[in-house]
Amino acid sequence: MKTSNRGERVRSARLIAGLTQKELATVAGLSQALVSQVESGLRIATDDTVQAVGRAVGMPQSFFDIQTQNIPDGTMRFRKLASSRITETRRVEELAREAWRVWSSLMRDAQYPKPSLPSRPTNEDFDLEAVAGAARRALGLDVDRPIGHLTRTLESHGIAVIRMGGATDPEQLGHFGVSCWPSPIDYGIIAVFPGSGDRERFTVAHELGHFILHRNFEDVDGAELEAHRFAGAFLLPASRMEEAIGGGVTLSDLARLKARWGVSMQAIIMRGAELGLIDPARKTGLFRQLSARGWRKDEPVEVHNEQPMLTWELLRRSFGARPYLKASESLGMNELLLRSWAAPPSAA
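How each quantity is defined
Residues numbered from 1 in each chain as written. Predicted model: local features only at pLDDT ≥ 70, side-chain atom pairs only at ≥ 80, totals over all residues. Heavy atoms only, no water. Buried < 20%, exposed > 50% of the residue type's maximum accessible area, 1.4 Å probe, protein only. Helix = DSSP H or I, 4+ residues; strand = E, 2+ residues; numbered from the N terminus. Pairing = 2+ DSSP bridges. Axes fitted to C-alpha atoms, helices over the stretch in contact; angles between N-to-C directions. Parallel < 35°, antiparallel > 145°, perpendicular 65-115°, else oblique. Contact = heavy atoms within 4.5 Å. Nonpolar A, V, L, I, M, F, W, Y, C, P; charged D, E, K, R; others polar. Phe/Tyr/Trp six-rings, centres within 6.5 Å; stacked < 30°, edge-to-face > 60°. Lys NZ or Arg CZ within 6 Å of the ring centre and 35° of its normal. Salt bridge = Lys/Arg side-chain N within 4 Å of Asp/Glu carboxyl O. Arc of directions from axis to C-beta. Core = buried A, V, L, I, M, F, W, Y, C linked by side-chain atoms within 4.5 Å. Polar contact = N/O pair within 3.5 Å; in protein donor to acceptor, adjacent residues only side chain to side chain. Left-handed = near helix turned anticlockwise from the far one by under 90°.

Peer 1: Describe in detail the pairing of strand β2 (residues 159–163), supporting the description with residues and values.
Peer 2: In terms of residue burial, β2 counts as a mostly covered element, since four of its five residues are buried. As defined by bridge partners, β2 adjoins strand β4 (residues 188–192) across five bridges and the pair is classed as parallel. Bridged to R163 within β4 is V192.

Peer 1: Let's hear about the packing of helix α13 (residues 251–261) against helix α14 (residues 265–274): which residues, and what values?
Peer 2: Between α13 and α14, the shortest axis-to-axis distance is 9 Å and the interhelical angle comes to 105°. Between α13 and α14, the angle is such that the two are roughly perpendicular. Contacts between α13 and α14 involve L251, L254, A255, L257 and K258 from the first element and M265, I268 and I269 from the second. Along the lines of polarity and charge, the residues of the contact of α13 with α14 split into seven nonpolar, no polar and one charged.

Peer 1: Describe the sheet that holds β4, listing the residues and the values that go with them.
Peer 2: The sheet built from four strands is open, its strands ordered β1-β3-β4-β2 with mixed pairing. The sheet terminates laterally at β1 (76–80) and β2, the two strands that pair on one side only. If you compare each strand with its neighbour and ignore which way they point, the axes differ by 15° on average. Bridge analysis of β1 against strand β3 (residues 175–180) gives five bridges, and the strand direction is antiparallel. In the strand pairing of β3, K80 is matched with H175.

Peer 1: An account of the packing of aromatic side chains is requested, with residue identities and associated values reported.
Peer 2: Taken as a whole and assessed by the stated rule, the structure comprises four aromatic pairs. Judged by centre distance (5.5 Å) and plane angle (15°), the rings of F230 and F234 are stacked. Placement of the pair is F230 and F234 together in helix α11 (residues 223–235), with a separation of four residues, close to one helical turn. Given a relative accessible area of 0%, F230 falls into the buried group. One residue, R136, lies across the ring of F234, its end atom 5.6 Å from the ring centre.

Peer 1: Describe the pattern of salt bridges, naming the residues involved and giving the relevant values.
Peer 2: Taken as a whole and judged by the stated rule, the model has 21 salt bridges. Among the charged side chains, a network of salt bridges with common partners joins R6, D47 and D65.

Peer 1: Residue-level account of helix α3 (residues 32–40), with values.
Peer 2: L34, V35, V38 and E39 are the residues of α3 that are buried. End-on view of α3: buried residues confined to an arc of 125°, all on one side of the axis. Elements in contact with the buried residues of α3: α1 (6–17), α2 (21–28) and α4 (47–57). After α3 finishes, the residue G41 shows a positive phi value of roughly 85°.

Peer 1: Quick rundown of the pairing of β3? Include the residues and the values.
Peer 2: β3 sits mainly inside the fold: six of its six residues count as buried. Sheet topology places β3 next to β4; four bridges connect them, and they run antiparallel. Note on β4: the bridge partner recorded for V178 is A191.

Peer 1: Outline the nonpolar core, supporting the account with residue identities and numerical values.
Peer 2: Formed by 52 residues in total, the largest nonpolar core has its most connected members in M59, W103, L315 and W341. If one sorts the elements of this core by residue count, helix α6 (residues 86–109) sits on top with nine residues. Setting aside residues up to four positions removed in sequence, W103 forms contacts with A160, I162, I189, T311, L315, L338, W341 and A342. Among the nonpolar cores identified, the runner-up in size contains 45 residues, and L128, L154, A205 and L236 belong to it.

Peer 1: Hey, could you go over the side chain of K258 for me, with residue numbers and the actual values?
Peer 2: Turning to its location among the elements, K258 is positioned in helix α13. Given the relative accessible area of 1%, K258 is considered buried. A distance of 3.0 Å separates a polar atom in the side chain of K258 from the backbone oxygen of V301. Those residues in contact with K258 that sit more than four places away from it in its chain are D198, V263, S264, M265, I268, E299, P300, V301 and V303.

Peer 1: Can you explain the environment of S119? Please cite residues and give values.
Peer 2: In this fold, S119 is placed in the loop between α6 and α7 (128–138). Once residues within four sequence positions are removed from consideration, S119 is found in contact with I212 and R215.

Peer 1: Could you give me a rundown of the packing of α2 against α3, with the residues and numbers involved?
Peer 2: Two packed helices can be described by the angle between their axes and the distance between those axes. In contact at an axis separation of 8 Å, α2 and α3 are set at 115° when each is read in the N-to-C sense. Between α2 and α3 lies a crossing whose hand is right-handed. Residues Q21, K22, L24 and A25 of α2 pack against Q32, V35, S36 and E39 of α3. When its residues are assigned to classes, the contact of α2 with α3 shows three nonpolar, three polar and two charged.

Function-wise, these values are silent; they only describe arrangement.
As structure tokens, then:
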């Protein structure tokens, strides 16, 4: 069935591919004027046009005939650098929008349980530590122990976690993660870009913080800092940090804590400073030591990347043991993207 929003779908396909209108026109064998007019709704996107665009960007015909659901403002959040380019943010936004469309549809068909998480307290001076503890309890976690597999925990509670495949360094891309949860009656997704296991875990916790603190609160000042602080409180409970960290903490101590909690040494330092357990002078000294050893970007102690399972399992249930080609046409999505979003267990 053809839809009236084919021009919007052409634009979405172009943004996902990371192309300008001129670049899309070149690879699709179309004129730039035609691409511009189709995207703006001044001309109808014919079958020939969308077929040419689809071949150029690897999208099936069905992608262009899907009527998308509106995602309210403030329900998509990003963990990104301030220096990230607007073009990359638009691409990440389109990727997240399509990922949410695909996985929420599959979860709905499977009648998967929907997320049940605490809400942002109404008082302005709420206790973030208490919110983090409430989130742990809602997810069936002990309030003060290390979280073994954060991704699987969220998946079991109706939140799909995907890893955006690709070789791009997240720091060069400017984005580490993105989340989307349109409403409590919908499903939620969290997407992370490839990085070290500890960074990915922190990003997932950061986006969980957005789910709890900022859904439908698009004007919250300091939302990114709040989500960052939530991630620290959620992954590193205050009671245990008070036992483990003192003013004389060393890099060796931090390495042992990293191995136990699955959180970077730098995040532990920041958490200790936030709790008043590490004074400013000691914090500065620890970071200088990390820099001197070249550990600011490449810390010791490996934290393994967490492999999502839910997305693969949903594809397998619906489309069989070799799901990608069938799923691509049925779900209206690029086959390679589906492979990166839902890698089979053997690819871990």
